[in-house]
Amino acid sequence: MNHNGWLRVLAIIIPYFLIVGLFQVAGALLADVPMGDIDYQETTIQYVIMTAFSFFGTFLLIWLFMKFVDDEKFIEVGLQIKNRKKDIAIGTLLGLTIMTIAYFGLAASKEIVFSKFNFNFQELFLTALLFILVAILEEVLFRGYIQKNLMLSFNKYVALIVASALFALMHGANPNISLFSLLGLFLAGMALGASYMYTKNLWYPIAFHFSWNLFQSLLGFNVSGQDIYSIIEFTVPENNKINGGQFGFEGSIFSLLTELILVLAIIYYYQIKKKPQLIANENI
């Protein structure tokens, strides 16, 4: 066992909360968000400002660790873009397809009821920017650094499970969280990290993460419990595990099943269909 991988994951935890925490405080001050007011509802621009500060704090920390601890270039987290246009396209279309089916399926079954359209170009732009930042930040941290290092110490499936558990726990303070929705976040981490086990590249999970969040929000769902701008607004007659309630689609049984199917499909694809090619690439 290579002990350095999991030790680096442990080593980054306290600096993460210190450095990124300071950036988050600075972002909240700049965005004029009152500290300690748990009932305060941030505007989209305030979300973007605070997320941008978290983004830069996270990138600074991981750059420092990659350079001085891992002794690797920052891009080695999996940001090599060459020949990854197909991955980006598939990830984006997959998120759009899943959320569109989810919306129309739940609407047809009367689990959600359309209220109105609410188109605002500025809010649309800011929401897209927000979820781009979130997707890159979280994928670089949880897949590009944590899962990558855990794979040096453990079996790749163990590394995937542990990284996904940490991904879920990091969202444990989100509004409207429950044990069921935590399970959904864990499976979401599995679905995002499954391809990284084989490719060590982040562009597919970044695109899928971005698309999943963006279209979930635009179609009216809360995103991991948070109410962000929506083009379509709907009401929920009864909060339950079919529609996800106030947590959003990720709190629904359909989300869990979708994520589980994606994990199994990705593993099957790389283990059965792409294994000879992966072996050939490793031998080059």
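For the structure itself, consult the block above.
The numbers attached to residues start from 1 for each chain and follow its sequence in the written order. The predicted nature of this model means local features are confined to residues of pLDDT at least 70 and side-chain atom pairs, given and counted, to a pLDDT of 80 or more, with totals for whole chains, interfaces and linings taken over all residues. Computation of side-chain values: all heavy atoms of the structure, hydrogens and water removed.

Moving on, we come to the side chain of serine 252. Under the DSSP-based scheme used, a helix requires at least four consecutive residues in state H or I and a strand at least two consecutive residues in state E, with every element numbered from the N terminus. Structurally, serine 252 is set in the loop between strand E2 (232–235) and helix H8 (253–273). A distance of 2.7 Å separates a polar side-chain atom of serine 252 from the backbone oxygen of phenylalanine 249. Whenever two N or O atoms come within 3.5 Å, that pair is a polar contact, provided that in protein one can donate a hydrogen and the other can accept it, and provided that, for residues adjacent in sequence, both atoms are side-chain atoms. In terms of polar contacts, serine 252 uses its side chain to reach the backbone amide nitrogen of serine 255, at 3.1 Å. What serine 252 contacts, discounting residues up to four positions off in sequence, is Phe180, Lys241, Ile242, Asn243 and Gly244. Pairs of residues are marked as contacts when any of their non-hydrogen atoms sit within 4.5 Å.

Glancing now at the pattern of salt bridges. What counts as a salt bridge is simple: a side-chain nitrogen of Lys or Arg found within 4 Å of a carboxyl oxygen of Asp or Glu. According to the stated counting rule, one finds four salt bridges in the structure shown. One salt bridge connects arginine 84 with aspartate 87, and the closest N-O pair in it is separated by 2.7 Å. Here the term buried applies to any residue with accessible area under 20% of the maximum for its type, exposed to any over 50%, and partly exposed to those in between, with areas from a 1.4 Å probe on protein chains only. The exposure class of aspartate 87 is buried, given its relative accessible area of 17%. The residue arginine 143 makes a salt bridge to glutamate 139 at a minimum N-O spacing of 2.7 Å. With a gap of four residues between them, arginine 143 and glutamate 139 both fall in helix H4 (residues 121–153), about one helical turn apart. With a relative accessible area of 0%, arginine 143 lands in the buried category. On the basis of relative accessibility, which here comes to 0%, the residue glutamate 139 falls in the buried class.

Aromatic pairs are defined between Phe, Tyr and Trp rings, using the six-membered ring for Trp, whenever the two ring centres lie within 6.5 Å; interplanar angles under 30 degrees are classed as stacked, those over 60 as edge-to-face, and all others as tilted. Applying the stated criterion to the full structure yields 17 aromatic pairs. Measuring from centroid to centroid gives 4.3 Å for phenylalanine 55 and phenylalanine 59, while their planes differ by 20°, and the two rings are stacked. Placement of the pair is phenylalanine 55 and phenylalanine 59 together in helix H2 (residues 44–68), with a separation of four residues, close to one helical turn. The buried category is assigned to phenylalanine 55, whose relative accessible area is 12%. Consider the rings of phenylalanine 142 and phenylalanine 167, whose centres lie 5.4 Å apart with planes at 85°: the pair is edge-to-face.

Without other data, these values stay purely geometric and don't point to any function.
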